[in-house]
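# Close look at the chain arrangement
Take a look at the letters that make up each chain.
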Amino acid sequence: MASTGFHLAIHNFGIHVADYGDPAIEGFFKREPLNFEAATRASGFIGRSGYVGEPGPESWGKQVFPRFLEGSGREAGPSSLSLWQDIESLMAFSYAGIHAEALKHARRWNVEQAWPPLVLFWVEAGRRPEWSEAVERFEHLADHGASPFAFTFKQPFDPSGQPYVIDRGRLKALVAGNAEGQADLLAQAKLMAP
């Protein structure tokens, strides 16, 4: 579905099982640049927020984290904020190719969580959501469940707020197209230790 006038935002968040630099989470950090590159090559990718003080794209406002970080002993957690053309484009990237390869190891790198791993929401085309808005929607999803304001792949909504049915045929075609553009990255990731 081409969402005329709207783009799909995704914010994900977790907490690592160990501190930055610990071998237990080394596989995550080795794969991160490959995942970012795969996203830029994926059909339907619009852009992503960077992180203040790090090379790469500009940060979309001050990075903040959901309240679930409190009491974890960590100052930050793995999180991202990006924009996509539509749900199928984002699903094709998230659940196939290099990102899917990384997801196989997520339980090894992140603590078990009682909150959702991600939130999806629509924004007007041309507008970049800030971290604070993404966190607000993330926490709303955790507190109230899926709604047009904050939802998941399992319970998606279209920009008008109506429940949405994933176009599986289009999703399959996008997965196939993306595979060609990221084969080299996937090969690199498979050689890495978890």
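Look a little higher up for the structure.
Residues numbered from 1 in each chain as written. Predicted model: local features only at pLDDT ≥ 70, side-chain atom pairs only at ≥ 80, totals over all residues. Heavy atoms only, no water.

## Brief notes about helix 2 (residues 87–94)
Spacing of three or four residues puts side chains on the same side of an α-helix, whose turn is 3.6 residues. For helix 2, the buried fraction is high: eight of the eight residues fall into the buried class. All of the buried residues in helix 2 are Ile87, Glu88, Ser89, Leu90, Met91, Ala92, Phe93 and Ser94. Each element contacted by the buried residues of helix 2 is listed here: strand 1 (6–13), helix 1 (26–41), strand 3 (79–84), helix 3 (97–103), strand 4 (118–124) and helix 6 (168–190). Among the residues of helix 2, the N-terminal cap falls to aspartate 86, whose side-chain oxygen and the backbone nitrogen of glutamate 88 are separated by 3.5 Å. (Buried < 20%, exposed > 50% of the residue type's maximum accessible area, 1.4 Å probe, protein only. Helix = DSSP H or I, 4+ residues; strand = E, 2+ residues; numbered from the N terminus. Contact = heavy atoms within 4.5 Å. Polar contact = N/O pair within 3.5 Å; in protein donor to acceptor, adjacent residues only side chain to side chain.)

## Here's the deal with the nonpolar core
Counting 26 residues, the largest nonpolar core has Ile87 and Leu120 as the members making the most contacts within it. Broken down by secondary-structure element, the contributors of at least two residues to this core are strand 1, helix 1, helix 2, strand 4 and helix 6. Excluding anything up to four places from it in sequence, isoleucine 87 contacts Leu8, Trp122, Phe151, Phe153, Pro156, Phe157, Tyr164 and Ile166. Counting residues in hydrophobic clusters, the runner-up holds 17 residues, among them Ile15, Tyr51, Trp60 and Ala134. (Core = buried A, V, L, I, M, F, W, Y, C linked by side-chain atoms within 4.5 Å.)

## Things to note about the packing of helix 2 against helix 6
Direction vectors running N to C along helix 2 and helix 6 enclose 50 degrees, while the axes themselves pass 9 Å from each other. Considering their axes alone, helix 2 and helix 6 lie oblique with respect to each other. Every pair of crossing elements has a handedness; the one defined by helix 2 and helix 6 is right-handed. On the side of helix 2, the interface is formed by Glu88, Ser89, Met91, Ala92 and Phe93, while helix 6 contributes Arg168, Arg170, Leu171, Leu174, Val175 and Asn178. A breakdown of the residues in the contact of helix 2 with helix 6 according to their chemical character gives six nonpolar, two polar and three charged. (Axes fitted to C-alpha atoms, helices over the stretch in contact; angles between N-to-C directions. Parallel < 35°, antiparallel > 145°, perpendicular 65-115°, else oblique. Left-handed = near helix turned anticlockwise from the far one by under 90°. Nonpolar A, V, L, I, M, F, W, Y, C, P; charged D, E, K, R; others polar.)

## Remarks on the packing of aromatic side chains
Per the stated rule, a full pass over the model turns up 13 aromatic pairs. Pairing phenylalanine 13 with phenylalanine 65 gives two aromatic rings, centres 6.3 Å apart and planes at 50 degrees, and the pair type is tilted. One end of the pair, phenylalanine 13, is in strand 1; the other, phenylalanine 65, is in the loop between strand 2 (45–48) and strand 3, and 52 residues separate them in sequence. The aromatic ring of phenylalanine 36 is capped on one face by arginine 48, whose charged end is 3.6 Å from the ring centroid. The lysine or arginine in question, arginine 137, covers the ring of phenylalanine 149, its NZ or CZ lying 4.2 Å from the ring centre. (Phe/Tyr/Trp six-rings, centres within 6.5 Å; stacked < 30°, edge-to-face > 60°. Lys NZ or Arg CZ within 6 Å of the ring centre and 35° of its normal.)

## Topic: the pattern of salt bridges
One side chain can pair with another of opposite charge once the charged atoms of both are near each other. Summed over all chains, the structure comprises 13 salt bridges. A salt bridge links glutamate 26 to lysine 30, with the shortest nitrogen-to-oxygen separation between them at 3.3 Å. Of this pair, glutamate 26 and lysine 30 both sit in helix 1, separated by four residues, roughly a single helical turn. Overall, glutamate 26 belongs to the partly exposed group, its relative accessible area being 40%. On the basis of relative accessibility, which here comes to 42%, the residue lysine 30 falls in the partly exposed class. A salt bridge links glutamate 37 to arginine 41; the nearest nitrogen and oxygen atoms lie 2.9 Å apart. Of this pair, glutamate 37 and arginine 41 both sit in helix 1, four residues apart, roughly one helical turn. (Salt bridge = Lys/Arg side-chain N within 4 Å of Asp/Glu carboxyl O.)

Structural measurements only, silent on function.
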